[in-house]
Each structure stands twice: as structure tokens, then as C-alpha cells.
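Breakdown of the fold
Here is what each chain is made of, one letter per residue.
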Amino acid sequence: MTQPGLTDAEVSRFKTFGYHVMKQVFSAEERATIRREFDFMLAEQYGPSAYDGSKRHWTMMMDEDTPFFASLLEDPRFLTVARQLYGDDVVGIGIDANRYTGDTHWHRDTSTVHQYGVKFAFYLQPVAADTGALRVIPGMHRLPDDDSFREGVRALELEEVPCTSLPSEPGDVVAFDLRLWHASHGGSTDRHMCTVVYYANPKTEEELTALRNQGEGNVRAGLRNFEPKRQYLYSKSWMSNPHGSPVRRAWIDRLTEVGYFEAPGVVEA
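The paragraphs below set out a description of the structure included in this document.

Conventions adopted
- Residues numbered from 1 in each chain as written.
- Predicted model: local features only at pLDDT ≥ 70, side-chain atom pairs only at ≥ 80, totals over all residues.
- Heavy atoms only, no water.
- Core = buried A, V, L, I, M, F, W, Y, C linked by side-chain atoms within 4.5 Å.
- Buried < 20%, exposed > 50% of the residue type's maximum accessible area, 1.4 Å probe, protein only.
- Helix = DSSP H or I, 4+ residues; strand = E, 2+ residues; numbered from the N terminus.
- Contact = heavy atoms within 4.5 Å.
- Pairing = 2+ DSSP bridges.
- Axes fitted to C-alpha atoms, helices over the stretch in contact; angles between N-to-C directions.
- Expected span 1.5 Å × (residues − 1).
- Bend = angle between axes of the 7 residues up to and from the residue.
- Phe/Tyr/Trp six-rings, centres within 6.5 Å; stacked < 30°, edge-to-face > 60°.
- Arc of directions from axis to C-beta.

Quick notes on the nonpolar core
Phe120, Phe122, Tyr198, Tyr234 and Tyr260 are the most contacted members of the largest nonpolar core, which has 61 residues in total. Element by element, the count of residues in this core is highest for helix α4 (residues 76-86), at 6 residues. Beyond its immediate stretch of four places on either side in the chain, Tyr234 contacts Met62, Ile93, Met239, Tyr260, Phe261, Val266, Val267 and Glu268.

Structure, rendered in C-alpha cells:
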């Protein structure tokens with residue numbers, strides 16, 4: 001088994017362009033487990049026949065009813081890379097599963113460049129440039145907060161924007177900086193994608209404020225937009241750290257310290 005992590009050249013390329021494709025991270029057996037847990041939890045949260053292709057379905061995947069998904073934040077294949085890119089004190093934030101429909105417009109996965117980190121995305125079906133693969137604008141994670149760029153890129157047809165497409169097969173993982181502008185084009189009405197997310201540990205007052213606000217933003221983006229049955233991001237079980245993980249304990253302590261958990265809906269009441 002190869003050692004987890006990126007080479008120095010891959011780290012440098014990521015920091016320059018904002019993305020990296022990790023090939024065949026998951027074995028065939030793991031892919032089968034991912035599929036079972038994905039199908040189970042989406043049916044559990046929305047009903048077995050609820051998806052009709054008209055609206056995206058989304059749910060967190062961090063508890064023991066989906067144990068393989070729940071293990072991924074601390075899996076060295078993800079955590080080692082996140083630490084290489086954002087420091088050993090990087091904070092594990094979440095794991096989710098999605099059923100997408102159609103195109104995804106150009107956006108960043110953060111409301112400000114002062115709140116950043118890495119998202120690892122993996123698809124359960126093959127995706128190509130015009131069938132829903134992630135499209136990125138390389139290097140744009142370095143752009144400051146810029147309303148004029150946002151307005152300009154969204155005024156264009158999605159496929160008119162100069163970009164790089166990142167095709168992937170089941171088992172591949174696409175890593176990208178949360179500040180990187182990205183989109184997708186031509187996806188099916190039932191595109192299955194999962195993510196593992198880490199945030200950089202905030203150091204400045206601007207970064208602390210941004211992370212504190214992000215908890216409320218994540219509730220709004222997930223629970224209020226998509227309305228899964230489970231109306232919280234983190235369960236009491238996850239917060240109790242039942243396996244006594246020192247890594248999770250450090251994350252919980254840091255996120256508590258900065259006030260990330262304080263917004264209604266972030267933690268199970």
C-alpha cells in the first residue's frame with residue numbers, strides 16, 4: 001500500500017493552482033460500502049422514493065449509522081493531505097452526501113477568502129467535462145474578495161468561462177481549495193457526489209470572525225436549503241467523541257473555543 005500524502009511537487013502545484021486529482025483512492029470493496037451507506041442515508045433522510053430530480057438532496061454522514069463515511073475525516077488518505085496543505089492544526093469539519101441535478105453555477109465554497117481550507121470530492125459515477133465533472137478556474141483561490149469578478153463570471157453562460165475540467169472515475173478524489181471558483185456543466189438529474197471538508201485553523205481576527213460566522217452559514221446552506229429529516233449538523237453522539245479520538249477531541253475543543261458551534265442548528269439540541 002502506498003504511503004498517504006502528496007509529493008512536494010503536488011503540494012506546490014495545489015498551492016499554485018488550487019486543486020489536485022487523487023487517482024483510485026478507494027478500493028472496489030470500499031466503493032461498494034460507500035454505495036450501501038450512501039443509499040441508506042439518503043433514503044433515511046428523505047424517504048426511499050422522494051428523489052424526483054427536481055431538487056438536490058443533501059445530508060451529513062458523520063455518525064455510526066454510516067461508519068465508513070464517519071471514519072473519513074480521520075482517514076490518513078485525507079487527513080495527511082489536509083495537514084500538508086493547511087498545517088498540522090487543520091480542523092476536520094464535515095462529511096456529506098449529495099444527489100445533484102443539472103448544472104452548478106460558478107461559486108466559491110466560502111463567503112470570504114478569510115475562511116478557507118480543502119474539500120475532497122468523490123463521485124459515485126463517472127463524470128466528464130460535459131456530464132457534471134468539476135470545472136475550476138485555476139489559481140483563483142488567490143483572488144481577493146471581489147464582487148466585480150463574481151458579477152462578471154455569473155453574467156456569462158456557464159460553459160463560456162475559461163476553465164479546467166477535472167474528469168473522474170469512481171474511486172478517484174478531487175481535492176480543491178474552498179476559495180477556488182468552480183462549477184459543473186451537463187450533469188445528469190441524479191449525480192451522486194460526496195465530500196470530506198477541513199478548515200484551516202484561524203490565526204487572525206478576520207479568520208476567527210469568518211469561521212465563527214461559517215457555522216451559521218453551513219446551517220443555512222445545508223439544513224434550510226435542502227431540509228433533510230435530521231435538522232442539525234453535528235449529533236450529540238459525534239460531539240461526545242465515543243471512541244475517545246484525540247484528533248476529534250482537539251477539533252471539538254478548537255471549534256468550541258472560537259464559537260463555531262453556537263449558531264442554532266449546528267449541534268443537536
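Observations regarding the sheet that holds strand β6 (residues 134-136)
Across a sheet, paired strands are connected by hydrogen bonds in the backbone, their directions being either parallel or antiparallel. Strand order in the open sheet formed by 4 strands is β4-β9-β6-β7, with antiparallel pairing between adjacent strands. In this open sheet, the two edge strands, each paired with only one partner strand, are β4 (104-107) and β7 (164-166). Strand-to-strand twist in this sheet, taken as the mean axis angle between neighbours without regard to direction, amounts to 25°. Pairing analysis gives 2 bridges linking β4 to strand β9 (residues 182-184), with the strands arranged antiparallel. Of the residues in β9, the one forming a bridge with Thr104 is Ser184.

Quick look at helix α6 (residues 205-226)
For α6, spanning 22 residues, the distance from its first C-alpha to its last is 32 Å, which sits close to the expected 32 Å at 1.5 Å a residue. A bend of about 30° at Gly215 is the largest found in α6. Taken residue by residue, α6 has Glu207, Leu208, Ala210, Leu211, Gln214, Gly215, Gly217, Asn218, Val219, Gly222, Leu223 and Phe226 as its buried positions. Looking one or two places after α6, you find Glu227, whose phi comes out positive at around 55°.

Points about the sheet that holds strand β10 (residues 191-199)
Here 6 strands make up an open sheet; going across it, the order is β1-β8-β5-β10-β3-β2 and the pairing antiparallel. The sheet is open, and its two edges are formed by β1 (19-22) and β2 (57-60), each paired on a single side. Sheet twist, expressed as the average angle between the axes of neighbouring strands with direction ignored, equals 20°. Across 4 bridges, strand β5 (residues 117-123) lies against strand β8 (residues 173-177) in antiparallel orientation.

A word on the packing of aromatic side chains
In this structure the tally under the stated criterion is 16 aromatic pairs. Seen from their ring centres, Phe120 and Tyr198 are 5.9 Å apart, and the 90° between their planes marks the pair as edge-to-face. Here Tyr198 lies in strand β10 and Phe120 lies in strand β5, a separation of 78 residues in the sequence. For Phe120, a relative accessible area of 0% corresponds to the buried category. Pairing Tyr199 with Tyr260 gives two aromatic rings, centres 6.4 Å apart and planes at 80°, and the pair type is edge-to-face. Linking Tyr199 in strand β10 with Tyr260 in the segment after α8 (246-258), this pair joins segments that are 61 residues apart in sequence. In this structure Tyr199 comes out as buried when scored by relative accessible area, which is 4%. Overall, the relative accessible area of 0% leaves Tyr260 in the buried class. Grouping aromatic residues by their ring pairs yields a cluster made of Phe26, Phe68, Phe69, Phe78, Phe120, Phe122, Tyr198 and Trp251.

Some thoughts on helix α2 (residues 28-46)
Because each turn of an α-helix spans 3.6 residues, side chains separated by three or four positions in sequence point in the same direction. The first and last C-alpha atoms of α2 sit 27 Å apart over 19 residues, in line with the 27 Å expected at 1.5 Å per residue. If you check which residues of α2 are buried, you get Glu30, Thr33, Ile34, Glu37, Phe38, Met41, Leu42, Gln45 and Tyr46. Buried residues along α2 cover an arc of 155° about the axis, so they all sit on one side. Projecting away from the buried face of α2 at angles above 90 degrees are the exposed residues Ala28, Glu29 and Arg36. Gly47 lies just past α2 and shows a positive phi near 100°.

None of this, on its own, says anything about what the molecule does.
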